[in-house]
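Fold and geometry: a report
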Amino acid sequence: MPPAQHYEAESRSIADLPLPPGGLGWPWLGETLGFFRDRDFALKRHQRYGSVFKTRILGQPTIFVRGAEANQFVFSNENEYFQVSWPPSTQALLGPLSLALQRGEEHRNRRKLLAQAFMPRALAGYIEAMSAITLDYAQRWVTQSPLTWYPELRNYTLDVACKLLVGLDSGSQTRLGHFFETWCQGLFSVPVALPWTAFGRAKRCRSLLLDEIEALILSRQAAPEPGQDALGLLLTAVDDQGDRLTVAELKDQILLLLFAGHETLTSAIASFCLQVAQHSEVRSRLQQEQQQWLDHPLTLDTLKQMTYLDQVLKEVLRLVPPVGGGFRTVLKSCQLDGYQIPQGWSLLYQIGATHADAQTYDTPAQFNPERFDPEAATAAHKFAFVPFGGGIRECLGKEFARLEMKIFAALLLRTYTWELLPNQDLTLVTIPTPHPRDNLRVRVISFYSNPN
Ligand code: HEM
């Protein structure tokens, strides 16, 4: 049978399949309000309809999928059946030249280039600065205690990202730090740009952020050496045609790296701090493990051998994944679980719902690092644990993130402890990334501080 007919026959049979269950809601608006307001929006629908359901968000019919098989199907068919496509607010705020929005050959080319900043050699070079910034902040938190930790953790991760990606000291205390917070608030919002809407305020901050980044680029271009950080790499890089990146592209790429490099990490380390404070037996085991490493310098190798810490961090990312999932556009109709996934619709692969699936994880709502014990773990499906996504769009900063989480955790556990203050709301707010509603109020204590 000639290929064209074969495809027609195939597409005819896909068209015969039913659409996934679920309601499209109101015309255009669909179920947008529920999606933004209700934390359990997807959970409730999965309970009712199973692993695949349809809805409509921001005018776009959208299919939600969860589970290892669905993830694998999406990750392995990138550019074949699916293409990355963030909501309009995210696209407008990231900018058209951002890696997260680039596609096909352009994406492959730019990813190869940016990946150099995350190779093991580059990572090993980041340990010293990451450790110094961590210790500096930790000492400050002791003197500031009791304190509201989340904004401080965000300053910390932004300082690390600014130092290691663009060579800027104390980035959180600059205008850059100030504009980032408002910019983030608009990432998943209704894209109406008015002075009083979250999106309008965020768009204004995007242009202010780009001005700051442009100033950094220009001063680096004027310097005798470009530098070894991500900005230095991008300034000297040439693409496959031998061309340099334009200043406009440099600005969008740096904005993406600074954002991705701190907002998700803040959520991850805050969840670590919260879980450790709530599970004293886990804290004791973590502290015991650190005792074995006190006389060793922190290196990629020693960090790798902290296997219990590894388990705990994995469980943190399973229970509270900083990124809830990824949006795709359906390029070509296909089928999943016996349902039709129509061309032109949106699809959201869900990380949170996959990690909370009782078919994969026993008592998924429970924090239990033992489930990642390499000795006990039964071979779970590779795509059942996907905090960093997968396939050709897997998180570019995955190893940077793991490194920073480990250094932060190891250094704090060695010298400090922390306790939650009473009467605070620890319910998770999910936008832009999960964090406790009252921003995690704690007292940080050094083992060595004099109580008098
Ligand atoms: C715990 C921390 C982090 C988590 C959970 C996380 C998660 C993710 C996920 C799930 C994606 C894929 C989204 C999709 O499928 O469309 C992604 C993409 C990305 N992440 Fe991360 N991330 C983290 C930290 C970082 C860091 C530290 C950086 C950089 C310094 C970074 C840079 C990126 C970039 C550039 C992409 C886009 C990749 C592409 O489209 O090719 N991330 N991240």
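Residues numbered from 1 in each chain as written. Predicted model: local features only at pLDDT ≥ 70, side-chain atom pairs only at ≥ 80, totals over all residues. Heavy atoms only, no water.

1. Quick notes on the coordination of the iron atom of the ligand
Rules: Water is not among the atoms examined, so metal sites may look incomplete; donors are the N, O and S atoms within 2.8 Å of the metal, or within 3.2 Å for Na, K and Ca. Under the DSSP-based scheme used, a helix requires at least four consecutive residues in state H or I and a strand at least two consecutive residues in state E, with every element numbered from the N terminus.
There is one protein donor for the iron atom of the ligand, namely Cys395 (SG), at 2.3 Å. Following the sequence through the fold, Cys395 ends up in the loop between α17 (351–355) and α18 (398–415).

2. A closer look at the packing of aromatic side chains
To keep things clear, this is the line we draw: In this analysis, rings of Phe, Tyr and Trp, with Trp reduced to its six-membered ring, are considered paired at centre separations within 6.5 Å, and the interplanar angle assigns stacked below 30 degrees, edge-to-face beyond 60, and tilted for intermediate values. Exposure categories follow from relative accessible area, calculated using a 1.4 Å probe and restricted to protein chains: below 20% of the type maximum is buried, above 50% is exposed, and the middle band is partly exposed. Two conditions define a charge located above a ring, namely a distance within 6 Å from the ring centre to NZ of Lys or CZ of Arg, and an angle within 35 degrees of the ring normal.
In this structure the tally under the stated criterion is 27 aromatic pairs. Judged by centre distance (4.9 Å) and plane angle (85°), the ring pair of Phe75 and Tyr349 falls under edge-to-face. Within this pair, whereas Phe75 is found in helix α4 (residues 68–76), its partner Tyr349 is found in strand β8 (residues 346–350), the two being separated by 274 residues in sequence. A single burial state applies to Phe75 and to Tyr349, both of which are buried. Considering the side-chain rings of Trp141 and Trp149, the 5.5 Å spacing of their centres and the 85° angle between planes classify their relative orientation as edge-to-face. Across the pair, Trp149 and Trp141 agree in class, each one buried. Taken together, the ring pairs in this structure connect Tyr137, Trp141, Trp149, Tyr156, Phe272, Phe408 and Trp418 into an aromatic cluster. In this arrangement the basic side chain of Arg140 is found over the ring face of Tyr137, its NZ or CZ atom lying 4.3 Å from the centre. Note that Arg283 overlies the ring of Trp418, its terminal NZ or CZ placed 5.2 Å from the centroid.

3. Digging into the site of the ligand
Cut-off, in case you're wondering: For this purpose, a residue is taken to be near a molecule or strand whenever a single non-hydrogen atom of the residue falls within 4 Å of it. Whenever two N or O atoms come within 3.5 Å, that pair is a polar contact, provided that in protein one can donate a hydrogen and the other can accept it, and provided that, for residues adjacent in sequence, both atoms are side-chain atoms.
Of all residues adjacent to the ligand, which total 26 residues, the nearest are His107, Arg111, Arg328, Tyr349 and Cys395. Residue His107 places a side-chain N or O atom 2.7 Å away from an oxygen atom belonging to the ligand. Between the ligand and Arg111, the relevant distance is 2.7 Å, taken from an oxygen atom to a side-chain nitrogen or oxygen of the residue. Put simply, the parts of the chain that give the shell around the ligand at least two residues each are α6 (104–115), α12 (247–260), α13 (263–278) and α18. Sorting elements by how many residues they give to the shell around the ligand places α13 first, with three residues.

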